[in-house]
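# What the coordinates show
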Amino acid sequence: MTTADEEGWKAINVPESCRFNMALSIQLQTSRSWHFSSCWSGVVGDKVVQLQQLDDQNKIKYRLPIQKDVEDKEVENLVKRFLRLDTCESVSYETWGNEGHPINKYFLECSEKYKGIRMLRHDLVECLYSTICSTNNNSARTTKMVQTLCDQYGRLIGTIDGNNYYEFPTLDRLSSVSESELRSLGFGYKAKSNH
């Protein structure tokens, strides 16, 4: 068992163009990031990543608490890619907020209320299955369903403070799971969509 410690944190400067809409506390709860817990420890690809935003919003700290042998630049690129620090979301905000855009009325209300909403760059398979699970569900149920998929069919990466972290299962692995098996795990009518 690995225990989280205070060592190994690295910092990324948040590009100035991204600072107005970079709030991890909102972003990881609102961007269909069902694979992160409230303490900002989660799985990105096949790595457990811990994230922390500094008070000044200009830096994000990150570390890999389990996989210590990964090159620093690889981890930095992984975090930057996941958080889309290479993309200025203000362009998307302007597009989505335009009158006549299909999501205009909802987006304008949410973007004012929840400063910090950004799109994350998830693995395509995880994003697809998370979206299927989230349809007509609340966040707590969606989180539970995605976590169940990981716990039951994903590869264990490691354990931190008693919490197991699993890689999201591969498409091959998920395609071999029966509808009845998913129903027995509490997926209800979603079992057919996830099968």
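Heads up: the structure comes first, above all this text.
In this report, the structure presented in the accompanying data block is examined. (Residues numbered from 1 in each chain as written. Predicted model: local features only at pLDDT ≥ 70, side-chain atom pairs only at ≥ 80, totals over all residues. Heavy atoms only, no water.)

Right, let's get into the environment of Pro 65. When you line up the elements, Pro 65 lands in the loop between β4 (59–63) and α2 (72–83). By relative accessible area, Pro 65 is classed as buried at 3%. Put simply, Pro 65 and Val 49 are 16 residues apart on the chain and 7.0 Å apart in space, counted from C-alpha to C-alpha. (Helix = DSSP H or I, 4+ residues; strand = E, 2+ residues; numbered from the N terminus. Buried < 20%, exposed > 50% of the residue type's maximum accessible area, 1.4 Å probe, protein only.)

Take the pattern of salt bridges next. Following the criterion strictly, the structure yields 7 salt bridges and no others. A salt bridge links Glu 76 to Lys 73, with the nearest nitrogen and oxygen atoms 3.8 Å apart. With a gap of 3 residues between them, Glu 76 and Lys 73 both fall in helix α2, about one helical turn apart. When its relative accessible area of 19% is taken as the criterion, Glu 76 is described as buried. By sharing partners, the salt bridges in this structure join Asp 46, Lys 47 and Glu 74 into a single network. (Salt bridge = Lys/Arg side-chain N within 4 Å of Asp/Glu carboxyl O.)

This part takes up the nonpolar core. The biggest cluster of nonpolar side chains holds 16 residues, and the ones touching the most others in it are Val 49, Leu 51, Tyr 62, Val 75, Val 79 and Leu 83. When residues of this core are traced back to their parent elements, those giving at least two are β3 (47–53), β4 and α2. In terms of residues, this core owes the most to one element, α2, which gives 4 residues. Those residues within four positions of Tyr 62 in sequence are excluded, and the remaining contacts are Gly 8, Trp 9, Lys 10, Ala 11, Ile 12, Gln 50, Leu 51, Asp 72, Val 75, Glu 76 and Val 79. Formed by 13 residues, the second largest nonpolar core is a distinct cluster that contains Leu 149, Tyr 166, Val 177 and Phe 187. (Core = buried A, V, L, I, M, F, W, Y, C linked by side-chain atoms within 4.5 Å. Contact = heavy atoms within 4.5 Å.)

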